[in-house]
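Reading the structure
One-letter residues, chain by chain:
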Amino acid sequence: MVPYDVVWRTGANEPTTFTTASNINIGGKSLPAGSYSFWTVPGKDSWSFIFNSEIPGWGVTILSGGKETTRNVDADVVQINAIPQKLSQSIESLSIDFEENDQLYLSLAWDKTKVSVPINK
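Attention in this report is confined to the structure presented alongside it.

Here is what the cut-offs are and how they apply
- Residues numbered from 1 in each chain as written.
- Predicted model: local features only at pLDDT ≥ 70, side-chain atom pairs only at ≥ 80, totals over all residues.
- Heavy atoms only, no water.
- Pairing = 2+ DSSP bridges.
- Helix = DSSP H or I, 4+ residues; strand = E, 2+ residues; numbered from the N terminus.
- Axes fitted to C-alpha atoms, helices over the stretch in contact; angles between N-to-C directions.
- Core = buried A, V, L, I, M, F, W, Y, C linked by side-chain atoms within 4.5 Å.
- Buried < 20%, exposed > 50% of the residue type's maximum accessible area, 1.4 Å probe, protein only.
- Contact = heavy atoms within 4.5 Å.

Read across the open sheet, the four strands follow the order β1-β4-β5-β6; overall the sheet is antiparallel. Of all the strands in the sheet, just β1 (17-20) and β6 (76-82) have a single pairing partner and so form its edges. Ignoring strand direction, the axes of neighbouring strands in this sheet form an average angle of 30°. In terms of strand pairing, β1 meets strand β4 (residues 34-41) through four bridges, oriented antiparallel. Looking at the pairing, Phe18 lines up with Tyr36 of β4.

See below:
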């Protein structure tokens, strides 16, 4: 599992890439059209979703055994906090999805945790 309060590259082997063809509002903040690396900071009571303008090839340093990220904090474009939800059933594989209920959401689910942020134009 991923430790609390530590930046995670949010994916396996490389950071997840998030691309939008138009300007959007995500979690109440503006994200310009473009491609971003997607990072998270899991917490017990709150998670941070981070969209960074640099897309590193691996995302972690080899010498740290994968424990240190190569994220350049100065390239962070948007950081959003979200409240995690406890799930009744466990999700075995990390899932990053777009869900449309009352509106569109970017959702991340794994184990018994789900975290979502709203997306608007």
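Once the structure has been displayed, the description carries forward.
Glancing now at the sheet that holds strand β8 (residues 104-120). Spatial strand order, β3-β2-β8-β7: four strands in an open sheet with antiparallel pairing. Strand pairing shows two members of the sheet lacking a second neighbour, β3 (29-31) and β7 (85-100), which therefore form its edges. Taken pair by pair, the neighbouring strands of this sheet meet at an average axis angle of 35°, ignoring direction.

This part takes up the nonpolar core. With 18 residues, the main nonpolar core has Ile26, Leu31, Phe49, Phe51, Ile80, Leu106 and Val117 as its most contacted residues. Every element with two or more residues in this core is listed here: β2 (24-26), β4, β5 (47-52), β6 and β8. The biggest single contributor to this core is β8, with five residues. Setting aside residues no more than four positions away along its own chain, Val117 makes contact with Ile26, Gly27, Phe49, Ile80, Ala82, Leu104, Tyr105 and Leu106.

It is worth stressing that arrangement in space is one thing and function is another; only the former is reported here.
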